[in-house]
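Observations on the three-dimensional arrangement
Here are the chains, one letter per residue:
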Amino acid sequence: MNDSGGGRVSRRTLFAGAGAVAGGLVVQGRAGAAPAGGAAAVRIPPGDVRYENLLRGNNFRFVGRPDEIRVATSADQVVRAVDDAVRGGRRIAVRSGGHCFENLTAAPEFRTLIDLSGLNDVGYDAGRKALFVEPGATLGQVYKTLCAGWGVTIPGGGCPEVGAGGHFAGGGYGPLSRRYGAVVDHLHGVEVVLVGKDGRARAVVATREQDDPNRELWWAHTGGGGGNFGVVTKYWLRSPDATADGLLPPMPRNMVQHVTFWDWGQFTEEKLSGLLRNFGTWHERNSAPGAPEAGLYGVLEVKHQAGGIVMLSVQADADLPNVGAMVTAFVSAVAGDLGLTPVFELRKTVPWLHKMTWPGTGEPGDVLTRRYKIKAAYLRRAFTPRQCNALWRNLTGPDGAQGSVLLIGYGGQANAIAPHATAIANRDVVMKAVYQSVWSEEQEDAANLAWVRALYRDVYADTGGVPVPNEVNDGSYINYADADLADPAWNTSGVSAQRLYYKENYPRLQRVKAKYDPRNVFRHALSIQPD
């Protein structure tokens, strides 16, 4: 196994050494990789009391029955688990936080599930002069540790229980992305367990350094998605413009959040279309990199008419200049002159860490409601009138009572990166759109799936039922995985799911796949196909 690079301060030793690090001293920890021949990953077979408890991911629609679950706590254990599976002819699935929206880790063909939840350190690597995050760390853990040790953060998502492993590999974004870009815009390196032509597993380190012979492997992990090339066992993070005073963006002291709720009974088709288009138009005009308004992160959620409400939320660093006036102007621009009267409105300032790690934030609150289908798209500009009509028709129809549509602000600094510089090719978009239904019972699956699929196909009827890139649409986001994009019954565009996710970067990803996973060991329903 390759050396993982120098001494480090881990999450387990962080709080003893945080003061020394902040003062300019580096606390040396264990150097190098885990020694070969160490303890193997815990093997949990069916029948073990732990098996059922570790089997399910966050979406209860998908429950596999692998021959074994391997719980790894080191890269060396991952190497040995992958070796064992390959020698035994068992297909491998890898899970960190378990929040995959699609059935990419629980399908019947997967016979070994490698659980990375125990590989969860966060700390400082003195040898690489970078902070590191292991894939099993949750976003909440990452934010807390980076806050306590260094007062910095990453522009990641707002759901604290999501695992870093898949979130980072797919790009990663959240409330600070309009200001600081995607998570992978700060990715310095990765350690990945690969399988060579000889069928043997090994760990390889790849960085963004121009002279790194494995630089293409690093590039593939800047938005190429999880489960495509190997098993990531470590991420190193350091902003390209990092200084000695801060390896990553400074964390906000406080966040101001404003929410507005409107009763559905106020809406006509004209008013709902106006609200959707106002939200989009504001983002068209205020999403340039470096613009003051790029500090605002807005979300518009329109529930199905049966849900009763439409909600607008905006949050921002409370210390931004004129933040209060910018928030007020944003809310006013979205509401426009539509004559809507809020039924509830609140503005509050809270500590940033509290906002990002409050238990339950972004998570289904009831364990019984963890069945969902989510579809997504990027938007370069506001919905067209025809798309708004499709949304109205489906959100007011007799079905879909548990559904909703969200528009999420994007752009800003995320658009400052060239499309080929990372695997994320979508670098001129201003919003992400999410189409979802969340329900509780298995017998409700068919109805909810049918509704959200029909809604999506209707919105993108002009482009074969999917968001083929044009002046309005720009494909989709791999972390919002949707196997329907690979199904000709739902995608009649002639554009593959991989092209919708990766656009012109897909051939390059295929070449990386062919080089680093020549036996196609790591594959799933939406995986990158070898060149």
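About the criteria used
Residues numbered from 1 in each chain as written. Predicted model: local features only at pLDDT ≥ 70, side-chain atom pairs only at ≥ 80, totals over all residues. Heavy atoms only, no water. Helix = DSSP H or I, 4+ residues; strand = E, 2+ residues; numbered from the N terminus. Expected span 1.5 Å × (residues − 1). Buried < 20%, exposed > 50% of the residue type's maximum accessible area, 1.4 Å probe, protein only. Pairing = 2+ DSSP bridges. Axes fitted to C-alpha atoms, helices over the stretch in contact; angles between N-to-C directions. Contact = heavy atoms within 4.5 Å.

In this section: helix 8 (residues 269-285). Every α-helix winds through 3.6 residues per turn, so residues three or four apart in the chain are directed the same way. Spanning 17 residues, helix 8 covers 24 Å between terminal C-alpha atoms, matching the ideal 24 Å at 1.5 Å per step. The set of residues buried in helix 8 consists of L272, S273, G274, L275, L276, F279, G280, W282 and H283.

What follows deals with the sheet that holds strand 13 (residues 309-317). Taken together, seven strands build an open sheet; the order of strands is 14-11-13-12-16-17-15 and the sheet is antiparallel. Whereas interior strands pair on both sides, the edge strands pair on one side only; in this sheet they are strand 14 (344-351) and strand 15 (371-379). When strand polarity is set aside, the average angle formed by the axes of neighbouring strands in this sheet is 15 degrees. In this sheet, strand 17 (residues 431-439) lies alongside strand 16 (residues 403-409) in antiparallel orientation, the contact comprising seven bridges. When the bridges of strand 17 are listed, L407 appears paired with A433. Contacting strand 11 (254-263), strand 12 (297-303), strand 13, strand 16 and strand 17, helix 8 runs over the sheet at an angle of about 160 degrees to strand 12.

The strand order 2-3-5-4 describes an open sheet built from four strands, whose pairing is mixed. Each having just a single partner strand, strand 2 (42-44) and strand 4 (91-95) make up the two edges of the open sheet. On average, adjacent strands in this sheet sit at an angle of 25 degrees to one another, irrespective of strand direction. In this sheet, strand 3 (residues 68-71) lies alongside strand 2 in antiparallel orientation, the contact comprising three bridges. Note that in strand 3 the partner of I44 across the bridge is I69.

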